[in-house]
Each structure stands twice: as C-alpha cells, then as structure tokens.
Amino acid sequence: MGEFPPFPAAAVATAESVCGIPVELKEISYRRGAAVWKATGPEGTVAVKAGDGEGAAVTQREAAVLKAIGWPDYLLASGGDEDVAWLVTHWFAGPSTWQAFAPVRGDADGKEGALAASVDLCRAVAVLHSSGWIHSDLQPSHGIHTDHGVRLIDCSWSWREGTEPAAGFRGGLTHLVAPELAASINAGIQPATPSTAADVYALAGTLWTCATGRWPLDYAAAGIEPGRLTPAELRAQIADRRLPLDTAAPWPAFQDILRPVLLDRASDRPTAAELVEGLATVAKC
Ligand SMILES: Nc1ncnc2c1ncn2[C@@H]1O[C@H](COP(=O)(O)OP(=O)(O)OP(=O)(O)O)[C@@H](O)[C@H]1O
Ligand SMILES: [Mg+2]
C-alpha cells in the first residue's frame, strides 16, 4: 500500500465538526495516488480521501461528481488544488458486496442474504441509471450495504448522460470492463464514453466475482496470466471475446442469471431493473 501521505490539514475542521474531538484516524487504502482514512470521534465517523499526483485530478473529479449528483448524507466537504485534492464524506457502515458474499464463498449457508444483497445492489444501480447517471466503476468493493440501503462509493468516473465524458477514463476495473467499451478504448476513440449497458456488465461481473471468488473470465483457459499483461493487452483480449467464462459453478441458479449478461451483446443486455427481476426468480428455485 506504501507509506501514507500526510492527512490533509484542511479536512481536519470538517472531520472534527462531524465526529467530535478527539478524532482517531485509521488508514484504509492508498492506491494510484489516492489515500483513504476512516476518521472516528465520539459523535460520528467520516471517510477522508486525499489525492496527490495522478490522484489529485481524480479526487477533484469525484468531489465534482458528488456535488452534481447531490445525494443527501454523502459529501461533507472538499477542496484542494491540482497538486493535492481532498474530500470528506459520511462513512457508510456495513459490508461491501464482496463481504456480504463471504458465507457463500466459504460454503456456509448464506445464499438468502447474498441474494438480498444482490437485489439491493442492482436496485441502487437501477435508481442511479433512472436519474441519468452511470457509475462507470462498479466492482465488489464499491457497493456498501448499510441499514438504509446500498451506497455506491468511488464515483470518480461517474458520468451524467449527455455531458462531456471525462478525459482519462479507461473503463473502470479492467477485469470487469464490457467488451464493447474495451474495444472503443483500445481503438483510441476519445473521450471513452460510459454506458448503462457497460455498467450492467460490470454489475453482473461484480456479482459473479462475489459468488465465485474468481474474475468472470477464464484467463487460465486461454493461457493468460492477467498480472503479466498491461491493461491495454487485457482489454484487447476482452474486446475480442477471446476469453471464455470461468467454469467454476458454486451457485448454478445464480450464475445462470448472470451468464447471458456477460456473454450477450450490449444491445441484448438487461437493464439493472430487469436484472433485479431475473434475480427474483433465483429466490423461487
Ligand atoms: N464513504 C465510505 N464509507 C465506507 N467505506 C469507505 C468509504 N469511502 C471509502 N471507503 C473504503 O475505502 C476503500 C477505498 O475507497 P475508494 O474505493 O473510494 O478509493 P480508491 O482509492 O479510489 O480505490 P480504488 O481506485 O482502488 O478503487 C473502499 O473500498 C472502502 O473500503
Ligand atoms: Mg475504489
């Protein structure tokens, strides 16, 4: 994870006013130039993100997205410049989708809870899409299942349809990039444009990964070690649909709903709301 950058001094006042004094900081993650802390005090908990270097613009963009989306109970403060940018959000208490599926991956009897979590995640994405926004980086750790519903986090690349797409978008997590989006990025079509269909692909890939503990595509079957490939090389494989779906089938009824979403053309994919309906049929099995 590397040594953390300094906690942004300008975020201290917000953290103290929301959490009370003293505020205790816990280092959560530091990747690609963006550090996240969990700040906890006697009266509350917030998340603080600080981006420097390449992470500064991405963090600035996330703050701009959160202001534009206008979700209540989310963004508390933001600031900085092109060298260091920061934002403070409410801390969302609850398991990520990945964590919600832990019993299923561990062979414990957690399918009912995992199915409910899946439906909740798809509903949250459906609501987002109905508001004209696309998340653009759905992955197992970006849905937090709180007592008040799913909160989607890491909205740096989220995009409102009809506006100018962000320069520098590379399709989100490469393992979950939709083939048509991978193709357009590799073809150099700029700006790379997110879509609801690509979001639904990443959503299905997220649920597949959470259930199986493996990425949706069977890299080994194609003789590929994804860690040895650059993102562009991996996108080329995905774009050409050269990789079969992974054959691990710990939960066939659940995977049967997701398989066509991952294999069909973008125009044939269900919407997130339709995926909710599909998952409801698993419950009846
Ligand atoms: N508001 C929040 N509530 C709860 N947990 C959070 C919150 N914000 C961030 N986290 C935690 O911190 C982790 C990293 O946050 P986030 O995904 O926003 O940062 P990131 O550095 O952009 O990550 P990456 O680029 O690797 O996806 C999340 O996976 C989650 O565990
Ligand atoms: Mg993230």
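Right above here is the structure, for reference.
Read on for a plain summary of the structure. Source: prediction; values computed, not measured.

**A closer look at the site of ligand 1**
Arg 31, Arg 32, Lys 49, Phe 92 and Asp 154 are the nearest of the 16 residues found near ligand 1. At 3.1 Å from an oxygen atom of ligand 1 is found a side-chain nitrogen or oxygen belonging to His 142. At a threshold of 2 Å from the grid points, most atoms of ligand 1 map onto the largest pocket. Listed by contribution, the elements that provide at least two residues to the shell around ligand 1 are β1 (24-31), β2 (34-41), β3 (44-52) and β5 (84-90). Ranked by the residues each element gives to the shell around ligand 1, the list is headed by β1, at 3 residues. Of the residues that constitute the shell around ligand 1, the class distribution is 7 nonpolar, 5 polar and 4 charged.

**Let's talk about the layout of surface pockets**
In this structure, the largest pocket spans a volume of roughly 1400 Å³. Considering the residues around the largest pocket, the lining is formed by 41 residues, among which Arg 31, Arg 32, Lys 49, His 142 and Asp 154 are closest to the centre. Those elements giving two or more residues to the lining of the largest pocket turn out to be β1, β2, β3, α2 (54-69), β5 and α8 (231-239). Considering every element that reaches the lining of the largest pocket, the biggest residue donor is α2, with 5 residues. Approximately 230 Å³ is the volume found for the second largest pocket. Along its surface, the second largest pocket is lined by 13 residues, and Trp 71, Ala 124, Val 127, Val 150 and Arg 151 are the ones closest to its centre. Contributing elements (two or more residues each) for the lining of the second largest pocket: α5 (111-130) and β8 (149-152). Take the lining of the second largest pocket: its biggest share by element is 4 residues, from β8. Looking at side-chain class alone, the lining of the second largest pocket contains 9 nonpolar, 3 polar and 1 charged residues.

Parameters at a glance
Residues numbered from 1 in each chain as written. Chains lettered and ligands numbered in written order. Predicted model: local features only at pLDDT ≥ 70, side-chain atom pairs only at ≥ 80, totals over all residues. Heavy atoms only, no water. Near = heavy atom within 4 Å. Polar contact = N/O pair within 3.5 Å; in protein donor to acceptor, adjacent residues only side chain to side chain. 1 Å grid on protein atoms, 1.4 Å probe; cavity = no way out; pocket = protein on both sides within 12 Å on 5 of 7 lines; lining within 4 Å. Sits in = over half its atoms within 2 Å of the grid points. Helix = DSSP H or I, 4+ residues; strand = E, 2+ residues; numbered from the N terminus. Nonpolar A, V, L, I, M, F, W, Y, C, P; charged D, E, K, R; others polar. Points joined across faces, edges and corners; volume = space filled by probe spheres on them.

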